[in-house]
Amino acid sequence: MATEWVVRDEKEENVFWPSSEMKKRAWVSDEKIYDDAKKDQIKFWEKLAEDGLVWFKKWDKAYVWEKPYFKWFVNGELNACYNCVDRHVKTWRRNKAAIIWVPEPIDEDVKVLTYYDLYREVNRFANALKKLGVKKGDRVVIYLPMIPQVQIAMLACARIGAIHSVVFSAFSAESLKQRIEDSEAKVLITADGYYRRGKIIDLKRNADSAVQGTTIKNVIVVRRIGNDINMVKGRDYFWDEIVKECDGYCEAEKMKSQDILFILYTSGTTGKPKGIIHDTGGYLTQAHWTAKWDFDLHDDDVFWCTADIGWVTGHTYACYGPLSNGATLLVYEGAPDYPDIGRWWKIIEEFGVTTFYTAPTAIRMFIRYGEDLFKRYDLSSLRILGTVGEPIDTDAWLWYFKNIGGCRCPIIDTWWQTETGGTLINSLPGIGPFKPTFAGKSFPGTVHTVVDEDGNELGPGEVGYLVQKPPFAPGLLHGVWKNEKKYIEEYWEKFNFRYYYTSDGAYYDEDGNFRLTGRVDDVMKVAGHRLSSAEVEDAIDEHPNVRESAVVPRKDEIKGEVPIAFVVLKHGEGSDSLKKEIIDFVVKGIGPTAKPAEVYFVSDLPKTRSGKIMRRILRGIVNNKKELGNLTTLMNPECIDEIKVVVGYKPLE
Ligand code: WTA
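It should be emphasised that the depicted structure is a prediction, and the values quoted were computed from it without experimental measurement. Per-chain numbering applies: the sequence of each chain, read as written, is numbered from 1 onward. Thresholds applied to this predicted model are a pLDDT of at least 70 for local features of residues and 80 or more for the giving and counting of side-chain atom pairs; totals over whole chains, interfaces and linings are not thresholded and use all residues. Side-chain measures here rest on the full set of heavy atoms in the structure, leaving out hydrogens and waters.

K.L.:
Provide a residue-level description of the sheet that holds strand S13 (residues 218-222), including the pertinent values.
P.N.:
Any two strands with at least two DSSP-identified bridges between them are counted as paired. What counts as a helix is a DSSP run of H or I of at least four residues, what counts as a strand is a run of E of at least two, and both are numbered from the N terminus. In space, the seven strands of this open sheet follow the order S14-S13-S10-S8-S9-S16-S17, with mixed pairing throughout. Looking at the sheet topology across the chains shown, the edges are occupied by strand S14 (236-238) and strand S17 (274-279). Going from strand to strand, the sheet's axes swing by 25° on average, the running direction of each strand aside. Alignment of strand S9 (residues 163-166) against strand S16 (residues 260-266), held across two bridges, turns out to be parallel. Paired with His164 across the bridge in S16 is Phe262. Note on contacts: a residue pair is in contact if any heavy atoms of the two residues lie within 4.5 Å. Axis lines are fitted to C-alpha atoms, over the contacting stretch for helices. Their N-to-C directions set the angle, which ranges from 0 to 180 degrees. Contacts between helix H6 (residues 148-160) and the sheet are confined to strand S8 (139-143), S9, strand S10 (187-191), S13 and S16, with S8 contributing the most and set at about 175° to the helix. Its contacts with the sheet put helix H8 (residues 203-211) on S8, S10, S13 and S14, and the angle it makes with S10 is roughly 160°.

Right, here's the structure in full:
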């Protein structure tokens with residue numbers, strides 16, 4: 001297939017545009033859409049909501065902003081599960097593959113669920129939840145690996161109006177417990193275990209320890225690997241046994257557009273993760289149209305988003321977005337390099353994946369293996385590539401473009417956040433430009449800008465805070481679970497409710513394409529995973545011999561950033577065994593993804609006169625920054641010399 005999907009810009013090296021062929025096929029190919037949408041953003045989204053989704057009842061008012069909350073499609077009624085499943089079953093898509101599930105073990109069979117299969121499974125499971133007393137508005141925690149039951153469970157919750165809260169399966173028992181407690185969930189859905197790089201992960205054991213003393217009344221357990229696990233009588237049920245007794249039809253609940261579809265916990269600036277609230281109508285509208293336009297989804301596409309369901313990317317692009325479009329979704333259970341580094345590419349070849357969405361960290365990992373390896377696989381089915389989660393540098397972009405996309409597929413670099421529900425800033429496949437390190441323009445119907453500390457808008461090339469202007473995007477969060485104060489403080493107060501504040505730095509070029517410059521708060525992106533300094537510090541501080549700690553990100557060639565810990569002990573000296581103990585505390589408190597790459601023992605941490613730890617200075621030191629900023633405001637500037645020695649600080653010119 002020598003089809004040209006992109007063309008190189010004649011004037012600028014490394015800028016690409018869609019070919020006429022791609023423009024012809026793309027849902028959106030006329031740049032005019034941006035200006036048209038701007039004329040009346042509310043009307044624009046109303047049309048999308050109406051065209052893209054099935055509503056049981058039309059809304060009375062499209063958009064209301066009552067500080068600090070805004071609402072979309074007020075009093076409109078719909079059901080997210082109905083939109084992802086039922087409506088397709090009524091069409092020719094009934095027997096179309098909804099989910100192609102690829103297990104990690106290579107000797108195990110691939111499973112294909114058609115939309116009709118999905119419909120049956122979801123209905124039965126929705127009835128199982130009802131049987132356990134789950135009602136509209138109740139919270140259900142889902143702690144599952146990447147197996148089809150994860151989408152089934154999410155959709156079943158949506159069907160009966162229960163609020164799901166998915167917890168990443170690599171999070172520890174303590175993380176799970178914290179999230180169960182905050183959401184006061186009734187039911188936990190988990191599995192007997194799963195495979196990761198050939199090893200068995202004992203999920204049920206984590207679940208058992210997490211539910212102790214919480215509001216969880218019942219645990220539903222998927223038999224994934226069939227190992228011997230502890231089942232508590234009257235509390236625990238096997239998924240297959242409970243659905244067997246359930247009816248094959250369950251009426252989809254009529255949900256108000258503003259009703260909560262899910263809570264997803266994410267890291268903020270404090271140690272405690274916050275439960276981001278997403279509603280039904282607004283979220284689904286954005287999920288539907290961003291999936292369709294960003295990835296130019298057509299009926300013959302096979303869409304693979306490699307993100308785990310425990311992150312927002314998994315929610316929107318490995319569940320709601322593609323399924324509401326009636327697309328075929330590929331879901332892979334395991335690690336990218338199992339049993340060897342060719343696994344992902346073999347899957348693309350085998351299933352003719354057309355649309356592939358992953359994180360820059362994965363691409364950077366593959367670069368190490370050279371170019372020859374990738375020539376062994378037929379990747380010609382690919383049409384569109386996407387990235388998400390962190391900035392992608394030019395080298396990784398070009399490598400991805402050349403080796404995976406065969407210089408044929410545009411790279412859609414999507415900027416968004418857990419809070420935004422769906423993508424917001426990226427080029428569209430039929431419009432372009434595809435320009436390394438630039439995400440692109442605001443999705444039609446949304447407006448972003450860059451402002452200074454006082455909220456004044458900046459011009460092209462000037463770095464400042466990325467903000468969103470009203471009317472706020474339909475998919476944007478609708479609060480923080482049980483914490484309005486935090487919702488106001490983190491997103492609205494900084495610019496006095498004029499803008500949604502993203503906590504990202506950015507600038508835009510002369511043509512209005514945004515380039516992200518990274519977080520401006522204490523949130524890191526470690527291999528694409530969102531993590532806060534404070535939560536790692538809290539986990540470290542649990543160690544009985546730790547007086548205090550500070551965690552900052554250090555740049556990393558593959559993971560983007562890695563956490564580096566500075567620890568002050570109560571007594572004695574640091575040692576390798578103590579280092580290991582501290583790392584174990586982090587794994588126990590959060591999970592392996594949060595492991596510090598280095599632990600430095602120091603006798604003091606730089607602090608302001610009011611006692612606040614100056615992480616900024618530590619960040620400068622671990623990254624060998626020449627400029628460490630103003631040290632005169634420190635209470636204890638003498639500690640800096642010791643820290644520099646311990647780290648081996650070599651300022652870069
Ligand atoms: C960062 C992930 C640069 C950003 C969907 C944001 C990005 C945070 C990009 C949200 C991108 C996400 N380019 N940076 N294309 N996409 N980010 O909540 O700092 O896990 O604020 O959501 O990731 O991370 P989260």
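K.L.:
Describe the environment of Glu13, with residues and values.
P.N.:
Locating Glu13 in the fold gives a position in the loop between strand S1 (6-8) and strand S2 (16-18). Between the C-alpha atom of Glu13 and that of Lys435, which follows or precedes it by 422 residues, the distance is 9.4 Å.

K.L.:
Describe the nonpolar core, naming the residues involved and giving the relevant values.
P.N.:
Proteins that are soluble and globular tend to have nonpolar side chains buried together. Residues Leu118, Phe125, Ile189 and Tyr320 are the most contacted members of the largest nonpolar core, which totals 182 residues. The dominant element in this core, judged by the number of residues it contributes, is H6, at nine residues. Where each domain starts and ends comes from a domain assignment, either automatic or drawn from a database. Residue assignment places this core across two domains, with domain 1 (6-505) and domain 2 (527-647) each supplying three or more. Only buried residues count toward a nonpolar core, which is a set of Ala, Val, Leu, Ile, Met, Phe, Trp, Tyr and Cys residues joined through side-chain atoms within 4.5 Å. Only protein chains enter the accessibility calculation, which uses a 1.4 Å probe; a residue is then buried when its area is under 20% of its type maximum, exposed when over 50%, and partly exposed in between. In terms of nonpolar packing, the next biggest core, distinct from the first, is built from 21 residues, Ile564, Phe566, Cys639 and Ile640 among them.

K.L.:
Can you break down the site of the ligand residue by residue, with the values?
P.N.:
We define proximity as follows: a residue is near a molecule or strand when any one of its heavy atoms falls within 4 Å of that partner. Among the 17 residues in the neighbourhood of the ligand, the closest are listed as Asp413, Thr418, Asp504, Lys525 and Arg530. We define a polar contact as two N or O atoms separated by no more than 3.5 Å, with the added condition that, inside protein, one atom must be a possible hydrogen donor and the other a possible acceptor, whereas residues neighbouring each other in sequence contribute only through side-chain atom pairs. Glu390 has a polar backbone atom sitting 3.4 Å from a nitrogen atom of the ligand. All accessibility values rest on the Shrake-Rupley procedure with a 1.4 Å probe; residue burial counts only the protein chains present in the view. The protein chains hide 96% of the 530 Å² of surface that the ligand would expose on its own. Listed by contribution, the elements that provide at least two residues to the shell around the ligand are helix H11 (312-324), strand S22 (411-414) and strand S26 (514-519). When residues are grouped by polarity, Ala, Val, Leu, Ile, Met, Phe, Trp, Tyr, Cys and Pro land in nonpolar, Asp, Glu, Lys and Arg in charged, and all others, Gly among them, in polar. Classifying every residue of the shell around the ligand by side-chain character gives six nonpolar, five polar and six charged.

K.L.:
Any details on the sheet that holds strand S24 (residues 464-468)? Residues and values, ideally.
P.N.:
Read from one edge of the open sheet, four strands run S23-S24-S25-S26, paired in antiparallel fashion. This sheet does not close on itself; its edge strands, each paired only once, are strand S23 (448-451) and S26. Here the average twist between neighbouring strands, direction ignored, is 50°. For strand S25 (residues 500-508) and S26, the ladder comprises five bridges, and the chain directions are antiparallel. Bridge pairing links Tyr508 to Phe514 in S26.

K.L.:
Provide a residue-level description of unusual backbone geometry, including the pertinent values.
P.N.:
Cis geometry marks the peptide bond from Lys67 to Pro68; its omega dihedral reads 0°. Tracing the sequence through the fold places Pro68 in the loop between strand S3 (61-66) and strand S4 (69-74). In this structure, Pro471 follows Pro470 across a cis peptide bond, with omega equal to -5°. Along the chain, Pro471 turns up in the loop between S24 and helix H16 (484-491). For Lys482, which is not a glycine, the phi torsion comes out positive at approximately 55°. Within the element layout of this structure, Lys482 appears in the loop between S24 and H16. Residue Lys482 is classed as exposed on the basis of its relative accessible area of 53%. Of note in this structure, Asn496 is not a glycine but carries a positive phi near 50°.

K.L.:
Pulling in residues and values, what's your account of the domain arrangement of the chain?
P.N.:
The domain boundaries assigned to the chain delineate domain 1 (6-505) and domain 2 (527-647). Taking only C-alpha atoms, the centre of domain 1 and the centre of domain 2 are 32 Å apart. Every contact between the two is made by 22 residues of domain 1 and, on the other side, 20 residues of domain 2. Summing the contributions of domain 1 and of domain 2, the shared interface buries around 1600 Å²; its carbon and sulfur component is 47%. The rule for a salt bridge is simple: a side-chain nitrogen of Lys or Arg has to be within 4 Å of a carboxyl oxygen of Asp or Glu. Inspection of the domain 1/domain 2 interface yields two salt bridges. Across the salt bridge formed by Arg530 and Glu419, the nearest N and O atoms sit 2.8 Å from each other. Seen at the junction of domain 1 and domain 2, the total is 15 residue pairs in polar contact (both at pLDDT 80 or more). Buried area, as used here, totals the accessible surface that two parts lose on assembly, with accessibility defined by a 1.4 Å probe and the loss added over both.

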